[in-house]
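As a plain string of letters, each chain reads:
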Amino acid sequence: MARMDRADGHRYFEGLAVAHVLGGLDDSEGRVFRAHLLECADCRARVGELRAIAHDLADVERDEHRVRAAQVIETKRRESDDAEDDLEEAPTPTRASRFTVLGGLLFLVGLSLWNFTLHGEMTQLEADNRNLVNAGVLRETGTEWRSAISDGDVQGVVKEDGEDFVVAVDGLDPAQRYGLYVKDDSGTIAHRFYFGPSEEGRLYRLFPLPENADRLLISDPEDTGDTPAEPDSEPSGDTVFEARRP
Ligand SMILES: [Zn+2]
């Protein structure tokens, strides 16, 4: 237990170490952290590492500036031959510093790409998560449609709140593709969704409710030689689930 307490208490100082190196601590935090440094070898080592990293990054930046300055001077020199003698000798960037700059830039590009990828994945996860949460709420509180089950194995429920509807269906074949269709009161298909069920044979999903929605069908498309058969723009094959709006 005591160890856990120490680990938790120490995490606070680990957080301060970065701010300390970057000069971001206010007076009182700075005092507390410096007092801690005197008695903690771990934090002294960490601050040392962070300083070394900060130092390397500053070097990269300085090299980059030097290369740019050299390029500017080089360009100016080409532009005006007359002024050639007046110019100071430009510091020639060494091959090594060019590689440092290139390495630093590649590192930054890599970091931002990685960030971008992470951000995209997070956005997708958040969207999926929101869909599930909303589906859960609607499933609890929504108005239930009257279901007519055509296939013995398939059981499901459809609920709506006037804006969205949620479909929760079990007992589907995980190896099959299905078409979900919502027809309006004139019989026109107002919404279609092609899907493969989860490994458990389930579909659980929230959709916007089409205007004048009247009934929902899930059909197991007619076998056309493709495996699995792809659903069509109209229901085909067997209707495995059907629900009518009350
Ligand atoms: Zn410490």
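In this report, we go over the structure that sits alongside the text. What you see as residue numbers is a count from 1 along each chain, following the sequence as written. Under the rules for a predicted model, residues below a pLDDT of 70 receive no local features and side-chain atom pairs below 80 are neither given nor counted, while totals for whole chains, interfaces and linings still include all residues. Think of the side-chain values as coming from all heavy atoms in the structure, minus any hydrogens and water.

## What about the overall build of the chain?
Right, so step 1: Secondary structure elements are defined from DSSP: runs of H or I of at least 4 residues count as helices, runs of E of at least 2 residues count as strands, and each element is numbered from the N terminus. The secondary structure content of the chain amounts to 4 helices and 9 strands.
Right, so step 2: Reading the chain from its N end, one meets helices and strands in the order α-α-α-α-β-β-β-β-β-β-β-β-β.
Right, so step 3: Within the chain, the fraction of its 246 residues that count as buried is 29%.
Right, so step 4: Between two residues, a contact is recorded if the distance between any of their heavy atoms is within 4.5 Å. Taking the contacts inside the chain whose residues are at least 6 apart along the sequence as the reference set, 59% of them involve residues at least 24 apart. Throughout, exposure labels follow a simple rule: accessible area from a 1.4 Å probe, protein chains only, divided by the maximum for the residue type, with under 20% read as buried, over 50% as exposed, and the rest as partly exposed.

## With respect to the sheet that holds strand β1 (residues 143-144)
Right, so step 1: With antiparallel pairing, the 4 strands of this open sheet are ordered in space as β1-β3-β4-β7. Either end of the sheet is taken by a strand with one partner, and the two such strands are β1 and β7 (203-208).
Right, so step 2: As paired strands, strand β4 (residues 164-170) and β7 are joined by 6 bridges and run antiparallel to one another. Each residue of the ladder has a partner; that of Val 166, found in β7, is Leu 206. Here, a strand pair is defined by DSSP locating no fewer than two bridges between the strands.

## Focus: the nonpolar core
Right, so step 1: Only buried Ala, Val, Leu, Ile, Met, Phe, Trp, Tyr and Cys residues count toward a nonpolar core, and they belong to the same one when joined by side-chain atoms within 4.5 Å. Formed by 20 residues in total, the largest nonpolar core has its most connected members in Val 167, Leu 180, Leu 216, Ile 218 and Phe 241.
Right, so step 2: Looking at this core, the elements with two or more residues in it are β4, β5 (178-184), β7, β8 (213-220) and β9 (238-244).
Right, so step 3: With sequence-adjacent residues up to four places away left out, Leu 216 is seen in contact with Trp 145, Val 158, Phe 165, Val 167, Leu 180, Tyr 181, Val 182, Phe 241, Glu 242 and Ala 243.
Right, so step 4: Leu 16, Leu 25, Leu 37 and Cys 43 belong to the second-largest nonpolar core, a separate cluster that totals 11 residues.

## Brief notes about helix α3 (residues 41-79)
Right, so step 1: Between its first and last C-alpha atoms α3 spans 57 Å; for 39 residues at 1.5 Å apiece the expected length is 57 Å, and the two agree.
Right, so step 2: Of the residues making up α3, those classed as buried are Cys 43, Val 47, Leu 50, Val 60, Asp 63, Val 67 and Ala 70. Residue count minus one, scaled by 1.5 Å, sets the expected span of a helix.

## Concerning the coordination of the zinc ion
Right, so step 1: Sites may look incomplete, because water is not among the atoms used; the donor set itself consists of N, O and S atoms within 2.8 Å of the metal (3.2 Å for Na, K and Ca). The zinc ion binds to the protein through His 10 (NE2), His 36 (NE2), Cys 40 (SG) and Cys 43 (SG); the donor distances cover 2.0 to 2.3 Å.
Right, so step 2: With 4 donor atoms in place around the zinc ion and angles of 101 to 119 degrees between them, the coordination shape is tetrahedral.
Right, so step 3: Taken in sequence order, the residues that donate to the zinc ion follow the motif H-x25-H-x3-C-x2-C. With His 10 in helix α1 (residues 2-22) and Cys 43 in helix α3, the pair connects residues that are 33 residues apart, well separated along the chain. Here His 10 and Cys 43 have matching classes, each one buried. Only four donors with every angle between 85 and 135 degrees are called tetrahedral; only four or six donors with opposite donors over 155 degrees apart and all others between 65 and 115 are called square planar or octahedral, in that order; all others are irregular.

## A word on the environment of Leu 16
Right, so step 1: Its location among the elements puts Leu 16 in helix α1.
Right, so step 2: For Leu 16 and Cys 43, which are 27 residues apart along the polypeptide, the C-alpha to C-alpha distance reads 9.7 Å.
Right, so step 3: In this structure, Leu 16 is in contact with Leu 25, Glu 29 and Phe 33, ignoring residues within four places of it in sequence.

## A look at the packing of helix α2 (residues 27-39) against α3
Right, so step 1: Here α2 crosses α3 at 110 degrees, and the two axes come no closer than 6 Å. Taken together, α2 and α3 sit at an angle that is classed as roughly perpendicular. Where α2 approaches α3, its residues Phe 33, His 36, Leu 37, Leu 38 and Glu 39 are matched on the opposing element by Ala 41, Cys 43, Arg 44 and Val 47.
Right, so step 2: Tallied by class, the residues present in the contact of α2 with α3 amount to 6 nonpolar, 1 polar and 2 charged. The convention used is that axes are lines fitted to C-alpha atoms, helices contributing only their stretch in contact, and that angles between N-to-C directions extend from 0 to 180 degrees. By the definition adopted for this analysis, an angle is roughly parallel if under 35 degrees, roughly antiparallel if over 145, roughly perpendicular if from 65 to 115, and oblique otherwise. Under the scheme applied here, ten amino acids are nonpolar (Ala, Val, Leu, Ile, Met, Phe, Trp, Tyr, Cys and Pro), four are charged (Asp, Glu, Lys and Arg), and all others, including Gly, are polar.

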